[in-house]
2 protein chains.
Amino acid sequence: MPDFIFKGKVYYNPVQLVMEQIGGVWKMPILWRLKDHTMRYGELRNDIPHISDKMLTTQLRELEKDGYVHRQVYAVVPPKTEYSLTERGREVIPLITQIREYGSSLIEKEAQKA
Amino acid sequence: MPDFIFKGKVYYNPVQLVMEQIGGVWKMPILWRLKDHTMRYGELRNDIPHISDKMLTTQLRELEKDGYVHRQVYAVVPPKTEYSLTERGREVIPLITQIREYGSSLIEKEAQKA
DNA sequence: TTCGATACATACTTTTTGGTTAGTATTTGA
DNA sequence: TCAAATACTAACCAAAAAGTATGTATCGAA
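### Concerning unusual backbone geometry
1) Next: Note that the residue after Val77 of chain A, namely Pro78 of chain A, is joined by a cis bond; omega there is -5°.
2) Next: Structurally, Pro78 of chain A is set in the loop between strand E4 (69-74) and strand E5 (80-85).
3) Next: Despite not being glycine, Lys7 of chain A shows a phi value in the positive range, around 45°.
4) Next: Within the secondary structure, Lys7 of chain A is located in the loop between strand E1 (4-6) and strand E2 (9-11).
5) Next: The backbone phi angle of His50 of chain B is positive, close to 75°, even though this residue is not glycine.
6) Next: Tracing the backbone through its elements, the reader meets His50 of chain B in the loop between helix H3 (41-47) and helix H4 (53-65).

Below, the structure written as structure tokens:
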């Protein structure tokens, strides 16, 4: 597997690309919430434990730039913004499902031992 | 999904745990090489482009500590160490396969556009 | 006229991750 | 006696990711 270029940046392998697009602590949890419905900013904020405004905003912006979520701003006061998955976002859900399942299985095994 | 504790550390969700165990730039590429055979340190080193001694060593140690790889040291000179997957390591391969496939599909789509 | 509601932005600090360079231990064979 | 081979270790630095704390714009309602 040789190096390749994606959107102007060099990657060493496909895993690295995926990690950059949906890796980190918050991106998959965000995508997961949007799995089957649109959500407002504040709803995401309330639904994802421990996330800060800064993290929620930056991660949403990156997911938008990379084509995973759609951002719909309504010109009302107080402001209202709705987030939803794009086609690409929907396509990545099975992968997240498998990662979550694997994580849960790790936790279960650990619980059995203790 | 509430917080939980795994080996003494608090996690916010299962994704975060998986990311910590096999995330980052190098761990999955390492596990992938060991997929169907034991490899010596130097073989891994030569086979994984751009990886440094420091990264290879630290990531192997963490994978060993977390139970994904087995480390077999032979008392010979010059030194010889063989790495192989444990049961847990083998179990995680399907997940890595899917992540790689997803990454490859991203690359393909991007190539079609350009 | 001020307040409340919402979705942010900004500045700053800390933590984590990764990269670079150089060095070490051991024994066999030239 | 010295070089070669292998699997590391250590010290240091840079970059990226994440956390914390505070501020802001807008408009309608009270």
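### Details of the interface of chain A and chain B
1) Next: Chain A puts 38 residues into the contact, and the matching count from chain B is 38 residues.
2) Next: When chain A packs against chain B, close to 3,600 Å² is buried across both sides, 70% of that on carbon and sulfur atoms.
3) Next: Sorting the residues of chain A by area buried against chain B places Val15, Tyr102 and Leu106 of chain A first, and these three jointly supply 16% of that buried surface.
4) Next: Where chain A touches chain B, the interface holds two salt bridges.
5) Next: For Lys109 of chain A, the salt bridge identified is with Glu91 of chain B, shortest N-O distance 2.6 Å.
6) Next: Between chain A and chain B we count seven residue pairs in polar contact (both at pLDDT 80 or more) in total.
7) Next: When contributions to the side of chain A that touches chain B are tallied by element, the ones reaching two or more residues are E1, helix H1 (14-22), helix H2 (27-33) and helix H5 (87-113) of chain A.
8) Next: Ranked by the residues each element gives to the side of chain A that touches chain B, the list is headed by H5 of chain A, at 15 residues.
9) Next: Counted by class, the side of chain A that touches chain B contains 22 nonpolar, nine polar and seven charged residues.

Procedures and definitions
- One numbering rule holds for all chains: residues counted from 1, following each sequence as written.
- Chains and ligands are labelled sequentially in the order written, the chains with letters from A and the ligands with numbers from 1.
- Residue-level local features of this predicted model are given only where pLDDT is at least 70; pairs of side-chain atoms are given and counted only at 80 or more, and the full residue set underlies all totals for whole chains, interfaces and linings.
- By convention in this description, side-chain values take in all heavy atoms of the structure and omit both hydrogens and water.
- Only DSSP runs of H or I covering at least 4 residues are called helices, and only runs of E covering at least 2 are called strands; the numbering of each starts at the N terminus.
- Any pair of residues with heavy atoms lying within 4.5 Å of one another is described as a contacting pair.
- Here the quantity called buried area is the accessible surface, traced with a 1.4 Å probe, that two parts lose on coming together, added over both.
- Take a side-chain nitrogen of Lys or Arg and a carboxyl oxygen of Asp or Glu: if they are within 4 Å of each other, that pair is a salt bridge.
- Side-chain atoms alone can form a polar contact between residues adjacent in sequence; in general such a contact is a pair of N or O atoms within 3.5 Å, and within protein one must be able to donate a hydrogen while the other accepts it.
- Following the grouping adopted for this structure description, the nonpolar residues are Ala, Val, Leu, Ile, Met, Phe, Trp, Tyr, Cys and Pro, the charged ones are Asp, Glu, Lys and Arg, and the polar ones are all others, Gly among them.

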